[in-house]
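Below, each chain spelled out in residue letters.
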Protein chains: 2
Amino acid sequence: MHEDDIHLILSRLILAGRLPGRTKLGEHRLADIFGVSRERIRKVLHRLGHERLIEVVKNRGAFTIAPDLNEIHVIFEARRILESGIAAHLAETLTAAEIDQLREHVESEAEALRTGDRDTWLRLSAEFHHRLAALTGNPIIQRQARELVSRTTMLVAFYENSHGSQCGCDEHRAIFRALSAGERGRAVKAMSSHLALVETRLRPLACVDAGPTLESLIEEYKAEVLGAPA
Amino acid sequence: MHEDDIHLILSRLILAGRLPGRTKLGEHRLADIFGVSRERIRKVLHRLGHERLIEVVKNRGAFTIAPDLNEIHVIFEARRILESGIAAHLAETLTAAEIDQLREHVESEAEALRTGDRDTWLRLSAEFHHRLAALTGNPIIQRQARELVSRTTMLVAFYENSHGSQCGCDEHRAIFRALSAGERGRAVKAMSSHLALVETRLRPLACVDAGPTLESLIEEYKAEVLGAPA
DNA sequence: TTTCCATCGATTGTGCACAAAATGGCTTAA
DNA sequence: TTAAGCCATTTTGTGCACAATCGATGGAAA
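Everything quoted here is computed from the prediction, not taken from an experiment.

Go over the protein's contact with DNA strand D, please, and point to the residues and values.
Neighbouring residues of DNA strand D: 17 residues in total, closest Ser37(A), Glu39(A), Arg60(A), Arg38(B) and Arg42(B). Close to the protein, within 4 Å, the atoms of DNA strand D are drawn from sugar and phosphate at a rate of 63%. Between DNA strand D and the protein, one listed contact pairs a phosphate oxygen with a side-chain N or O atom of Arg60(A) at 3.2 Å. Within the contact set of DNA strand D, a base oxygen lies 2.8 Å away from a side-chain nitrogen or oxygen of Arg38(B). Secondary structure elements with two or more residues in the surface near DNA strand D: helix H3 (38-50) of chain A together with helix H3 (38-50) of chain B.

Give me the lowdown on the pairing of strand S2 (residues 54-57) of chain B, citing residues and values where you can.
Residue and element names in this part refer to chain B. Where S2 and strand S3 (residues 61-64) come together, four bridges link them in antiparallel fashion. Along S3, the bridge assignment pairs Val56 with Ala62. Between the end of S2 and the start of S3, which pair antiparallel, lie three residues, with Asn59 showing a positive phi angle near 65°.

Report on the sheet that holds S2(B), specifying residues and quantitative values.
Residues and elements named next belong to chain B. With antiparallel pairing, the three strands of this open sheet are ordered in space as S1-S3-S2. Two strands bound the open sheet, and with one partner strand each, they are strand S1 (24-25) and S2. Relative to S3, S1 runs antiparallel, the two being bridged by two bridges. Bridging from a neighbouring strand, Leu25 pairs with Ala62 of S3. H3 contacts S1, S2 and S3 of the sheet and is inclined by roughly 115° relative to S2.

How would you sum up the protein's contact with DNA strand C? Please name residues and give values.
In the vicinity of DNA strand C, 18 residues are found, and the nearest of them are Arg38(A), Arg42(A), Ser37(B), Glu39(B) and Arg60(B). One nitrogen or oxygen atom from the side chain of Arg42(A) is found 2.8 Å from a phosphate oxygen belonging to DNA strand C. Interatomic distance of 2.5 Å between a side-chain N/O atom of Ser37(B) and a phosphate oxygen of DNA strand C. Within the residue set of the surface near DNA strand C, elements represented by two or more residues are H3 of chain A together with H3 of chain B. Considering only residue class, the surface near DNA strand C consists of no nonpolar, six polar and twelve charged.

Any details on the interface of chain B and chain A? Residues and values, ideally.
Listed as interface residues are 27 residues of chain B and, on the opposing side, 27 residues of chain A. Both sides of the chain B and chain A interface together cover about 2,500 Å² of buried area, and 61% of this is carbon and sulfur. It is His50(B), Ile81(B) and Ile140(B) in chain B that bury the most area against chain A; as a group they hold 24% of the surface buried on that side. Across the contact surface, chain B and chain A share two salt bridges. For Arg143(B), the salt bridge is made with Glu147(A), and the minimal N-O distance between the two is 3.8 Å. Scanning the region where chain B abuts chain A turns up seven residue pairs in polar contact (both at pLDDT 80 or more). Where the side of chain B that touches chain A is concerned, the elements lending two or more residues are H3, helix H4 (69-93), helix H7 (139-158) and helix H9 (184-201) of chain B. Here the element with the most residues in the side of chain B that touches chain A is H4(B); it accounts for nine residues. The residue inventory of the side of chain B that touches chain A, partitioned by class, reads eleven nonpolar, seven polar and nine charged.

Reading the values: the criteria
Residues numbered from 1 in each chain as written. Chains lettered and ligands numbered in written order. Predicted model: local features only at pLDDT ≥ 70, side-chain atom pairs only at ≥ 80, totals over all residues. Heavy atoms only, no water. Near = heavy atom within 4 Å. Polar contact = N/O pair within 3.5 Å; in protein donor to acceptor, adjacent residues only side chain to side chain. Helix = DSSP H or I, 4+ residues; strand = E, 2+ residues; numbered from the N terminus. Pairing = 2+ DSSP bridges. Contact = heavy atoms within 4.5 Å. Axes fitted to C-alpha atoms, helices over the stretch in contact; angles between N-to-C directions. Nonpolar A, V, L, I, M, F, W, Y, C, P; charged D, E, K, R; others polar. Buried area = accessible area lost by both parts, 1.4 Å probe. Salt bridge = Lys/Arg side-chain N within 4 Å of Asp/Glu carboxyl O.

Structure below.
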């Protein structure tokens, strides 16, 4: 079991929101689960801490983060700022081919929504933002955006939106229209208000059940990562 | 000597551009210099690598980064995107007190420029961007912006701008005016063109001299960090 | 009964020793 | 003379054992 694999498994586990907040990630326990030395786990844990996916407290250990309302707001505000910049940039640099590509994506979203394929729609919905970041062609921006979008995904897992996720599709389309028209100001506004709405739709949910054990969850993701690396 | 101190010393050394590109940072050598165990150096080195301040190659060691022209462009493009978003945000949220604070800063820059205090002006110039990021009140954005501005500082040390650093002050003032007027579109444009101009002004310089030894440089910064922590 | 202190248990941090890998020099052959 | 391959040295990676630190539990005193 390689170090990167362990990192990937734990990342997905956290990002999928499968771990209750404040779950302790003991070094010895994880070392046993993965069947590797404690030092390797240590390294991964510190790396995750640096990526802000977990919280590492000196002499106390590593814990999953329980996002409070304030932190949620900070993350969404950061996304509004960063992705507004992305939208402003793209409005002036997108090529015709890239616009076509984006249009196809938005239509895929609409299609998934029509057929009621909620899982697909959720995936496409997050991918829309990833794709916008990728279209800047800038690896730094791409990394920063990916990090924030991922953390949002984690939040959505904690605070499930109650009813109308459906609204999002029209908002994406509005962003797309502004971008394809090359209207920078409108694109920025569309992006900003879209993210504000997504945040608003989040509603606190009763704290997740701690049903599955850490061991079983890791086994599940281990198979996924090692079997078919996406 | 604490771990954070070592990290801070090496950070400043790198950010100040005192180390030639591709300088090897050997673990054993640094351990001797700082008088600590190799493991502590290891940790710091990996942390610096994660912060992209150095490049850590598996089984090869850590090296300072020799920024090529393409990387410079990527960093400045990222700054344009991110700081455009920041400008757009601030244009709509700045309070009167914050505007006054900004005005004072810009005037300090102008003053430093008038008196020919180039070092002070350079510091204030970078601080202007840090301050804008801080004014968002968003720790995530602040961290991302600080990282990019720091990397730019490092670039400026490598590729010294030949003549007119002086131009920058008017550009900052233009940004300030747009922000204080609450004109989002103009603020974004001012920020974007300012950063584009800064990039343009950079000119490749003959590779820096390797004059001072690593040991003497570290001693210099060690005194600074431990004596008067800024 | 409550609060404070001390000791114990568990968990993380650190240094050391060994293993693995890569680079550079040296030898040899074409 | 040059190039290719091998060996030695240097440097990084890893596992293990011990030290330090933190939290909790239990007992004693007010």
